[in-house]
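A structural walkthrough
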Amino acid sequence: MGFMSGKKALIVGLASKRSIAWGIAKAFSREGAELAFTYQNEKLKPRVETMAKELNSDITFPLDVANDDEINAVVPTLNKHWSTLDILVHSVGFAPRDQLAGTFVESITREGFQIAHDISSYSLAGLAKATLPLMKNSQGAILTLSYLGAIRAIPNYNVMGLAKASLEANVRFLAADLGPQGIRVNGISAGAIKTLAAAGISDFRKMLTHMERVAPIRRNITPEDVGNAAAFLCSDLAAGVTGEIMYVDGGFSKIGMHLDES
Ligand code: NAD
Ligand code: 0WE
């Protein structure tokens, strides 16, 4: 019997088999959790339905986190299947493409800032607020995905770094508020992974090559690595952990310099 058996988890942010959300879903399913998934738009619907089926889930519904009506529809929709929710996974991030090219100062715009913060940070609080009636007293957990750009100036990550810094503060405020209601809130700061969200980012391959050379574990991170850490954080094994940002980055953020090959 897996260490998540009996847990009901909603996963927001599945787009493809390369998604971090897919690594998380597979780990949760392996450990015995029941799953529900949302898809951002009709284009993603068939793909998400097929992937859900693979993990024995037939609960899928639309959710664009930019839309308050869709956020408010989550609980009524989930209620058709489940009367409680134990786990919410938020694996969503977005900034307009022009915000992730060139320097920070050149690229930043008021609109780009607003969209990045709305989709990548506000949506965590919005979803936590909306799902509270189902999650309260469940000994449940909320998990989001962050990146090193929240605390370091990483080339081209630009306004997404500000949005991730906001997301990490969001984790701490939610942890403080929801802890007394039996809900833990954590984040995983993942190393770079080639997903749809990384497609077309200039120099992404170069970044991956650099990371696998210098990170203490000498390889890149996979969605499966993140999935296993996520399963731990969202299970009762992590009952004493909340408000935490856990680095699943092969130790990259912990070194200060790398010299020769070895
Ligand atoms: P992905 O493209 O597979 O997933 C991103 C998801 O965000 C997609 O499912 C997309 O549909 C969803 N999304 C975007 N806008 C949305 C909206 N308005 N409403 C609902 N959903 C929306 O890429 P991924 O790399 O798996 O990204 C998942 C999370 O992991 C993101 O928060 C990302 O910032 C974070 N992350 C990624 C990496 C990486 O290198 N890939 C590293 C660290 C953290
Ligand atoms: O959080 C991310 C990516 C987030 C992202 C990606 C896109 C591409 C498509 C947000 N918005 C968009 N908008 C689009 O139109 N990561 C952690 C992956 C990532 O993105 C980078 C990175 C890394 C790592 C961008 C620049 C530098 C490094």
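Cut-off values and rules
- Residues numbered from 1 in each chain as written.
- Chains lettered and ligands numbered in written order.
- Predicted model: local features only at pLDDT ≥ 70, side-chain atom pairs only at ≥ 80, totals over all residues.
- Heavy atoms only, no water.
- Helix = DSSP H or I, 4+ residues; strand = E, 2+ residues; numbered from the N terminus.
- Rg over C-alpha atoms; globule rule 2.2 N^0.38 Å.
- Buried < 20%, exposed > 50% of the residue type's maximum accessible area, 1.4 Å probe, protein only.
- Contact = heavy atoms within 4.5 Å.
- Areas by Shrake-Rupley, 256 points an atom, 1.4 Å probe, with all protein chains shown as cover.
- Lys, Arg positive; Asp, Glu negative; His and termini not counted.
- Charge placed at Lys NZ, Arg CZ, Asp CG, Glu CD.
- Core = buried A, V, L, I, M, F, W, Y, C linked by side-chain atoms within 4.5 Å.
- Pairing = 2+ DSSP bridges.
- Axes fitted to C-alpha atoms, helices over the stretch in contact; angles between N-to-C directions.
- Near = heavy atom within 4 Å.
- Polar contact = N/O pair within 3.5 Å; in protein donor to acceptor, adjacent residues only side chain to side chain.
- Nonpolar A, V, L, I, M, F, W, Y, C, P; charged D, E, K, R; others polar.
- Salt bridge = Lys/Arg side-chain N within 4 Å of Asp/Glu carboxyl O.
- Expected span 1.5 Å × (residues − 1).
- Bend = angle between axes of the 7 residues up to and from the residue.

A tally of helices and strands in the protein yields 8 helices and 7 strands. By the compact-globule yardstick of 18 Å for 262 residues, the protein fits well, its C-alpha radius of gyration being 18 Å. In terms of overall dimensions, the protein has a C-alpha envelope of 55 × 40 × 35 Å along the principal axes. Here the protein, with 262 residues, has 52% of them falling under the buried criterion. In the protein, once contacts between residues fewer than 6 apart in sequence are set aside, the share between residues at least 24 apart is 75%. Total accessible area computed for the protein in this model is approximately 12,500 Å², and 55% of it derives from carbon and sulfur atoms. For the protein, the distance from the average site of its 26 positive side-chain charges to the average site of its 26 negative ones is 3 Å.

On to the nonpolar core, then. Ranked by internal contacts, the top residues of the largest apolar core, which has 38 residues, are Ile 11, Ile 24, Phe 28, Leu 35, Phe 37, Ile 188 and Val 226. Of all the secondary structure elements, the ones that give two or more residues to this core are β1 (8-12), α1 (20-30), β2 (34-39), α2 (45-54), β4 (87-90), β5 (140-146), β6 (183-190) and α8 (223-234). Broken down by element, the residue count for this core peaks at 7 residues, all from α1. Not counting residues within four places of it along the chain, the set of residues in contact with Ile 188 comprises Leu 143, Thr 144, Leu 145, Ser 146, Val 226, Ala 229, Ala 230, Leu 233, Met 246 and Val 248. Counting residues in each nonpolar core, the second largest holds 32 residues, with Leu 10, Trp 82, Leu 132 and Leu 167 among its members.

The next point concerns the sheet that holds strand β7 (residues 245-248). Reading across from one edge, β3-β2-β1-β4-β5-β6-β7 is the order of the 7 strands in this open sheet, with parallel pairing throughout. Taken across any chain shown, the strands that pair with only one partner, and hence form the sheet edges, are β3 (60-62) and β7. Mean inter-strand twist for the sheet, computed between neighbouring axes without regard to direction, equals 20°. Strand direction decides the pairing type here: β5 and β6, joined by 7 bridges, are parallel.

Let's shift gears to the site of ligand 1. Taken together, 27 residues lie near ligand 1, and Ser 19, Gln 40, Lys 164, Ile 193 and Thr 195 sit nearest. Ser 19 places a polar side-chain atom, nitrogen or oxygen, 2.6 Å from an oxygen atom of ligand 1. A distance of 2.9 Å separates a nitrogen atom of ligand 1 from a polar side-chain atom of Asp 64. For ligand 1, the protein covers 91% of the area, taking 820 Å² as the surface of the free molecule. Across the shell around ligand 1, the residue classes break down as 17 nonpolar, 8 polar and 2 charged.

A separate point is the pattern of salt bridges. Within this structure, the stated rule accounts for 7 salt bridges. Glu 224 is the partner of Lys 26 in a salt bridge, and the nearest nitrogen-oxygen pair spans 2.7 Å. Highlighted residues: Lys 26 in helix α1 and Glu 224 in helix α8, separated in sequence by 198 residues. For Lys 26, a relative accessible area of 31% gives the class partly exposed.

When the terminal C-alpha atoms of helix α5 (residues 110-135) are compared, their 35 Å separation across 26 residues agrees well with the 38 Å that a helix rising 1.5 Å per residue should span. In α5, a bend of some 45° at Tyr 122 exceeds every other bend along the element. Just past α5, the residue Asn 137 takes up positive phi, approximately 60°.

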